[in-house]
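# Summary of the model geometry
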Amino acid sequence: MVYAAPPMTSRTTAEPRRFVPLSRSQRAFVAVRDVGVVAAVALAPFESEALSAPLGPLRLTTLEMAMAVAVAAGTVHLVGASRPRPRPSALAWAILAFVVCAAVAAIAAPEHVGVALRGAGRLALLAGFALAAGATLRDQRRRWVLAAFAAATTLVVALGAFEQIAGEGLLGDAAVAFEAAFLAVFRVKASVTAMGVRRLTASFDHANLAASWLAAALVVAAAATYAVRGGRAAAALSAGAIASAAALAFTLSRGGLAAALLTIALTGAAVRWSRRNDRQRQLRQRRFFALSAAIGATVALCGAASPALRARWLGGEAAALKAALVAKLASQATAAVSQGAVAAASLVVTARNDGWACWRSAGRDRHELRARCTIDGVAGERGGQIDGDASARVDVVVGLPHRVCGGEVVERVVPLPSGVRSCTLDLEHHGLRSFASAGGTPLLWSRAGPPVERASPTHQPTAAHPQASGRAALWRAALVRFAERPWLGGGPDTFRLRKKATLAATTLAASADDPREHANNLALEVLADLGLLGFLALLAL
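Residues numbered from 1 in each chain as written. Predicted model: local features only at pLDDT ≥ 70, side-chain atom pairs only at ≥ 80, totals over all residues. Heavy atoms only, no water.

## What about a nonpolar patch on the surface?
We apply this condition: Like-charged residues are merged into a patch within 9 Å and nonpolar side chains (Val, Leu, Ile, Met, Phe, Trp, Tyr) within 5 Å, provided each residue has over 30% relative accessible area and no salt bridge. Only the protein chains shown count as cover for residues, and all accessible areas are computed by the Shrake-Rupley method using a 1.4 Å probe. The working definition used for a salt bridge is a side-chain nitrogen of Lys or Arg within 4 Å of a carboxyl oxygen of Asp or Glu. Secondary structure counts use DSSP, requiring at least four H or I residues in a row for a helix and at least two E residues in a row for a strand, with both numbered from the N terminus. Burial classes follow relative accessibility: with a 1.4 Å probe on protein chains only, a residue under 20% of its type's maximum area counts as buried, one over 50% as exposed, and anything between as partly exposed.
The grouping of W93, L96, V100 and V104 at the surface amounts to a nonpolar patch, some 380 Å² of accessible area in total. Following the sequence through the fold, W93 ends up in helix α3 (residues 90-107). Classification of W93 by relative accessible area gives exposed; the value is 52%.

## Topic: the environment of S418
Tracing the chain through its elements places S418 in the loop between β9 (409-415) and β10 (420-429). It is 7.6 Å that separates the C-alpha atoms of S418 and I375, two residues lying 43 residues apart in sequence.

## Quick look at the nonpolar core
Definition in use: We call a set of buried residues a nonpolar core when its members are Ala, Val, Leu, Ile, Met, Phe, Trp, Tyr or Cys and they connect through side-chain atoms within 4.5 Å of each other. Here a residue-residue contact requires only that any non-hydrogen atoms of the pair lie within 4.5 Å.
Of all hydrophobic cores here, the largest spans 48 residues; its most connected members are V37, F129, L214, L218, L248 and I295. For this core, the element with the highest residue contribution is helix α7 (residues 207-227), accounting for ten residues. Aside from chain neighbours lying at most four places away, what touches I295 is L218, A241, A245, L261 and I264. With 21 residues, the next largest nonpolar core counts A478, F495, A519 and V526 among its residues.

## Some remarks on the packing of helix α13 (residues 471-484) against helix α14 (residues 495-504)
Our working rule: Here an angle of 0 to 180 degrees is reported between the N-to-C directions of two axes, which are lines fitted to C-alpha atoms, with helices fitted over the stretch in contact. Orientation is classified from the angle alone, with under 35 degrees giving roughly parallel, over 145 giving roughly antiparallel, 65 to 115 giving roughly perpendicular, and any other angle giving oblique. In this count, Pro and Cys sit with the nonpolar residues alongside Ala, Val, Leu, Ile, Met, Phe, Trp and Tyr, while Asp, Glu, Lys and Arg are called charged and the others, Gly among them, polar.
Across the interface, α13 lies against α14 with an axial gap of 9 Å and an inter-helix angle of 100°. Comparing their axes, α14 and α13 come out roughly perpendicular. Across from A473, L474, A477, A478, V480 and R481 in α13, the residues of α14 making contact are F495, R498, K499, T502 and L503. Split into classes, the residues belonging to the contact of α13 with α14 amount to seven nonpolar, one polar and three charged.

## Focus: unusual backbone geometry
One non-glycine residue with positive phi stands out, namely L252, at about 60°. Looking at the secondary structure, you find L252 in the loop between α8 (231-250) and α9 (254-272). You can call L252 buried: its relative accessible area is 1%. A positive phi angle, near 60°, is found at N520, a position not held by glycine. Tracing the chain through its elements places N520 in the loop between α14 and α15 (522-540).

## Topic: helix α4 (residues 113-138)
The cut-off we apply is this: The span expected for a helix works out to 1.5 Å for each residue beyond the first.
Given a rise of 1.5 Å per residue, 26 residues ought to cover 38 Å, and the 38 Å separating the end C-alpha atoms of α4 matches this to within 8%. Of all the residues in α4, the buried ones are V115, A116, G119, A120, L125, A127, G128, F129, A132, A133, A135 and T136.

## Considerations on the side chain of R284
Rules: Nitrogen and oxygen atoms within 3.5 Å of one another constitute a polar contact, given that in protein one can donate a hydrogen and the other can accept it, and given that sequence-neighbouring residues count only through two side-chain atoms.
Take R284: it is sitting in helix α10 (residues 279-305). In terms of polar contacts, R284 uses its side chain to reach the backbone carbonyl oxygen of A227, at 3.1 Å. Look past the residues within four positions of R284 in its chain and what remains in contact with it is Y226, A227 and V228.

## Topic: the packing of aromatic side chains
Note the cut-off: Working definition: rings of Phe, Tyr and Trp (its six-membered ring) pair if their centres are within 6.5 Å, and the pair is stacked with planes under 30 degrees apart, edge-to-face with planes over 60 apart, and tilted otherwise.
For the coordinates displayed, the defined rule picks out four aromatic pairs. Ring centres of F149 and W213 lie 5.0 Å apart, and the angle between their planes is 45°; on these two criteria the pair is classed as tilted. You can see F149 sitting in helix α5 (residues 142-167) and its partner W213 sitting in helix α7, a full 64 residues away along the chain. For W213, a relative accessible area of 15% puts it in the buried group.

Pasting the structure below:
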């Protein structure tokens, strides 16, 4: 028999808890709600537009379908219950206030009303799911939810480890093919940093999203290690926490790592000064503090083993290391790239890797040798005859034969187009930037004489990478949007549609082509989309 336990209120604090039996139909709706919650938790890291289906004007992913099932079943159960309904909690009122603010902002949106209404609908779905999940966690299926969360986190860590190992070129062509198939479903691109080093992303669309999930998993596992009494369960949770900490470190997310470590530290303080001090509590305290020390040691070891992590974490030293890395990579095309003899209209180019980051020969973040050649006596892009110093430009791209790590030398043959006058030779990180874009100088080969170095032309990072411009431009755009409509904002999910026009109208117009569709700051994006009222409602949560 399944029972429903109404929450305790101030009037019933001294009364014994009463359990009311549910009817068969109510038990069915509760079971469907719980299954939907468990399925949504298991599917959360694997949300994909490629795995979606149309539902009226919306297109729902598998995750959103599971959430909708949980919300619908929970609503029917709550409305049809014959027992006295519990009073809404303060959290429920805060969630309702946030949904109402989002709906009002969508209705009052000055433009893109349809997009705003769909965004408000998704926020309402998320709010309803939060309430349904809370009801499931209060009932008897709590272990199901935690098991689904643990299974999903295990798969995320495994995929992240595969991603990192494949990025080092240790798994061969089969790994590259699997990665391409995986990216086609879950992500548009492999996530990389400006240093050209992969960030652990697993099945998420961006490394910061993976960091959010892993940080939550780390905190939950650490807290559960303190709560459980069995030694085997504590050992399994400790292993999961340490694996999550290592994976979180390799996301290179400073905010995610800091939030997780700070939460664990606050939890440790609460555990340390707990009033109860019996022997069992002391044993669990020592277990929690030992796990916290192991987590800190794991993060430190990851930092010691990876120059990218040290460069990302260590403030001013990080900037120096990053600048040194980019300067070395940029200087590949000047001091470390020598031009060989010209034979059969081709250049023999020798390149040496002077940095610590390896160059990849395959994959979506591969490295290539690019020759930007100037041609005489042909029609330009606009049509018409080229005369004077004007000329047409042709790019010749040559891939690397294999993975090239620090200190290794590779030689490539660059075919030249007919009528070539000169070529600027540079290495390029595909979809990221050319090495000279950090201030270096590419190698100039000229038909009139030997190769000489010259000042690098302005190279902007390509728009295929989300770090093409700084975060400050996105924050500025969000603040401008907030200033235009400070109370209700522009409507849910409309910042991405107005970001480009907003940046184009400011002094940051050069960043207007940044492909990121978010403000890279939750608070600022909520202010831009929902205004001050929505932001206050979010704070209430």
